[in-house]
Every structure is written in C-alpha cells, then in structure tokens.
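Each chain is listed here by its residues.
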Amino acid sequence: MLKKNFLFIIALVLFSVQSHALEKKKICIFDLIGANGDFYGIMKDMKPAALDWGVELELVPYTDEKVATEDLKAKQCDGAFITGIRARQFISYTGSTDSIRGIPNYDVLRSVISILASGHEKLEDKMVSGPYQYAGMVPMGSAYLFVKEQITDLDGMAGKSIAVLEYDEAEAYMARKVGMSPMMSDITNFSSRFNNGSVDVCFAPIFGYSALELYKGMAPDGGVMDYILGQLTSQLVIRKDAFPEGFALEARKFLLGQFDRAMRVVDNAANEVDDKWWISMDEESNRNLDQMMRKARIELTEKNVYDKDMMSFLYKVRCRDNPSNPECSAQSE
C-alpha cells in the first residue's frame, strides 16, 4: 500500500513538473470567417505541435484585424496572426514581403518563405524588431484589381475611384501613380463600398471574389484585371520575450509545411471565378505597368515604407526565378 501511494505521489509530481514546463500563450488570429475559417484552422493544427516546443497555445479568433493588432500592442495577446500589410508596423523586414509586385508569383513566394524558415544566422536579427519577432507566414493569394467597368490599359485607370486600406501608404501611393482617386477604407468596409458602387475599383486577394461577394460589385460590366499586383500573406508576429528560445523558428518551419494546404484554399477560390470575368491587358500595358510598379517600389523603399534589405532580398529571389526579366540587368533594388 505504501509503495502504491509512493508511486502515485511520484506520478503527480512528474505531471506537475511537466504541466509547469509548458508555457501558456495567447495567439490572436485574424480570419474573416472567425473560428470556422481556413487560416484559423491552420493555427488550430499548430496547437498540438507547439506542445513539443514547450508552449500551450490559447487561440482566440478575431474578425476585425484592427482589434487583433491593437490587442497585440496592448499585450492582450502574446502573438497575432495577421496580414503582412498589418504586420509591417511590427517588423518592417518580413512585413515588406507584401509589397507592390515584390513577389510576382507563388513559386517566388514559396522560395521566400522557405529561406526565411531556414534558420540562416544572417537573417535572424532582421526578423526581430523591438519586442516583436517574425514566426512564419502562409499565402493568402495574389492580389488583383476588381473593377466595375472593363479596363484594358493604363489610360482606363485614370479618374477611377479606388478603395484603399488607410493603414497601407503604398496602396494610395500606387493609386495616384496611375491616376486613380484613393478613398481611405479599412478591411471591414472596402468590399461593401465596391459592392454598393461607392468606388469604381478595389484591391483584394482572389478569395475576395466569393468570400467578400465582390462579384456583386463587378456585375454586369466589370471583372478582375489579370495582372498580379503582389502576394498577400498571413503572418505570425509574437512578443519575443514571451516565448521560449527556438519557438519562432519551429513555428516558421511548421507554417512553411502548411504552404500547399493554404494554396489549396487559394486555388479553390480562384476556380470559383468564371473565365468571363478575367480582363486581359495588351503586352505594352503590362510592360508599362511592370516598370511603373518597380519604380513605385523603389520610391516607397526610399520613403521607408518598405524595408530596403527585404527589397534587395526579393530582387535576388525574383531574378533567380526569372533571370531574363529586364529588371535583373538594372540592379537597382
């Protein structure tokens, strides 16, 4: 009997030690669908994996990204899973991946995420800014212009109104570059402004067609301009001191492993767009837009909207992917 009691006490002690070894941390997750959303689901699957990294995650869904961001600042969250555009205010280096045409396709995006998850010593310091640390990202999909009327060249953009996110200086800057009039909006109302006709154009990832019902704003004469403006991502930003050493790298590796899963969500959303909605521009307009995007990206980097080191990094990855691209002989980023 004494022996059994002794073994029971030892078991309780061991359990208690193990429980205390796990740090409980709160992650605030932005997903337009809330706890039923695909991006929340990715983080939900990270929860059991994090136990092996010494952390017990408490996941809290948010449908308002601004609130999730403010709660991270106020230390109501130990980490937040938010869009790269919002994440830029915490870590400029990794937040700048969502730059205008900085990542032109999914192959380049995969390479970027892989390198950032490699644990390369030279990159580690760049992924920490003040109290915050980058802990991984997944694709949200290519960003396009959704329009109420057919636009087939740059001249057609002049004079059009466009809903832009008020916290992303780059969107308004680019809109003015092509002659459009930016209307400051946020993630909760930009789609409704487009759908009810308050603006002529909106900038959104492809999943917005169905999830945000952007087809309502496109009908009957509009569509989606078949030109990728950049890649949007969901990024995990954590308070570095709140997590054990090595957590961020493990999280980056885990989220890299979710790339194909996230791409299935993106591809399914893209497949919902009927071919009739895609609007192609002529080759000259595409070339001119490429040059304009590149110039704007350089100017925004000079204004410190984008991180200079990240722009140089993205330039190298783009040119490795497509060395024949005219920009690869300019060496200006």
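As a reminder, the structure under discussion sits directly above these lines.
Nothing here was measured: the structure is a model prediction, and the numbers come from that model.

A short note on the packing of aromatic side chains
Piece 1. Taken as a whole and assessed by the stated rule, the structure comprises six aromatic pairs.
Piece 2. Between Phe90 and Tyr132, the aromatic rings sit 4.8 Å apart at their centres with planes inclined by 70°, giving edge-to-face as the arrangement. Of this pair, Phe90 sits in the loop between helix 4 (84–87) and helix 5 (92–95) while Tyr132 sits in strand 5 (residues 132–147), placing them 42 residues apart in sequence.
Piece 3. Centre to centre, the rings of Tyr144 and Trp278 are 5.2 Å apart; their planes meet at 70°, and the pair counts as edge-to-face. Of the two residues, Tyr144 sits in strand 5 while Trp278 sits in strand 11 (residues 278–279), which places them 134 residues apart along the sequence.
Piece 4. Assessed through its relative accessible area of 10%, Tyr144 is described here as buried.
Piece 5. What makes Trp278 partly exposed here is its relative accessible area of 24%.
Piece 6. Among the aromatic side chains, those forming a connected cluster through ring pairs are Trp53, Phe243, Phe247 and Phe254.
Piece 7. A cation over a ring is seen here: Arg101 above Tyr227, with NZ or CZ 4.5 Å from the ring centre.

What to know about the pattern of salt bridges
Between side chains of opposite charge, a pair can form as their charged atoms come close.
Piece 1. Per the counting criterion, the structure on display carries 15 salt bridges.
Piece 2. Lys73 serves as the salt-bridge partner of Glu70, at 3.4 Å between the closest nitrogen and oxygen. Of the two residues, Glu70 and Lys73 are both situated in helix 3 (residues 65–73); the distance of three residues between them amounts to about one turn of the helix.
Piece 3. Residue class for Lys73 comes out partly exposed when judged on its relative accessible area of 39%.
Piece 4. The network of salt bridges with shared partners includes Arg297, Arg318 and Glu327.

Quick word on the layout of surface pockets
Piece 1. Here the largest pocket is characterised by a volume of approximately 450 Å³.
Piece 2. Every residue lining the largest pocket is counted, 16 residues in all, and those nearest its centre are Arg101, Asp290, Asn325, Pro326 and Glu327.
Piece 3. Take the lining of the largest pocket: its biggest share by element is five residues, from helix 14 (residues 283–302).
Piece 4. Here the residues of the lining of the largest pocket sort into four nonpolar, four polar and eight charged.
Piece 5. Here the second largest pocket is characterised by a volume of approximately 300 Å³.
Piece 6. Together, 17 residues line the second largest pocket, and Ile33, Asp38, Phe207, Ala211 and Val265 are the ones closest to its centre.
Piece 7. At the level of secondary structure, the elements contributing two or more residues to the lining of the second largest pocket comprise helix 2 (38–51), helix 10 (208–211) and helix 13 (259–271).
Piece 8. Element by element, the count of residues in the lining of the second largest pocket is highest for helix 13, at three residues.

Some remarks on the packing of helix 2 against helix 12 (residues 247–256)
Piece 1. Contact pair helix 2 / helix 12: the axes reach a minimum separation of 11 Å and the direction vectors enclose 130°. Here helix 2 is positioned oblique relative to helix 12, judged by the angle of their axes. The way helix 2 lies across helix 12 gives a crossing that is right-handed. Of the residues in helix 12, those in contact with Ile42, Met43, Asp45, Met46, Ala49 and Ala50 of helix 2 are Phe247, Ala251, Phe254 and Leu255.
Piece 2. A breakdown of the residues in the contact of helix 2 with helix 12 according to their chemical character gives nine nonpolar, no polar and one charged.

Re unusual backbone geometry
Piece 1. Here the bond from Ala219 into Pro220 is cis, since omega is 0°, no more than 30 degrees from zero.
Piece 2. Tracing the backbone shows Pro220 in the loop between helix 11 (215–218) and strand 9 (223–225).
Piece 3. In this structure, Lys75 takes a positive phi of about 65° despite not being glycine.
Piece 4. For Lys75, the location among the structural elements is in the loop between helix 3 and strand 3 (79–83).
Piece 5. Although it is not a glycine, Arg101 adopts a positive phi angle of roughly 55°.
Piece 6. Structurally, the position occupied by Arg101 is in the loop between helix 5 and helix 6 (106–116).

Each value, and the rule that gives it
- Residues numbered from 1 in each chain as written.
- Predicted model: local features only at pLDDT ≥ 70, side-chain atom pairs only at ≥ 80, totals over all residues.
- Heavy atoms only, no water.
- Phe/Tyr/Trp six-rings, centres within 6.5 Å; stacked < 30°, edge-to-face > 60°.
- Helix = DSSP H or I, 4+ residues; strand = E, 2+ residues; numbered from the N terminus.
- Buried < 20%, exposed > 50% of the residue type's maximum accessible area, 1.4 Å probe, protein only.
- Lys NZ or Arg CZ within 6 Å of the ring centre and 35° of its normal.
- Salt bridge = Lys/Arg side-chain N within 4 Å of Asp/Glu carboxyl O.
- 1 Å grid on protein atoms, 1.4 Å probe; cavity = no way out; pocket = protein on both sides within 12 Å on 5 of 7 lines; lining within 4 Å.
- Points joined across faces, edges and corners; volume = space filled by probe spheres on them.
- Nonpolar A, V, L, I, M, F, W, Y, C, P; charged D, E, K, R; others polar.
- Axes fitted to C-alpha atoms, helices over the stretch in contact; angles between N-to-C directions.
- Parallel < 35°, antiparallel > 145°, perpendicular 65-115°, else oblique.
- Left-handed = near helix turned anticlockwise from the far one by under 90°.
- Contact = heavy atoms within 4.5 Å.

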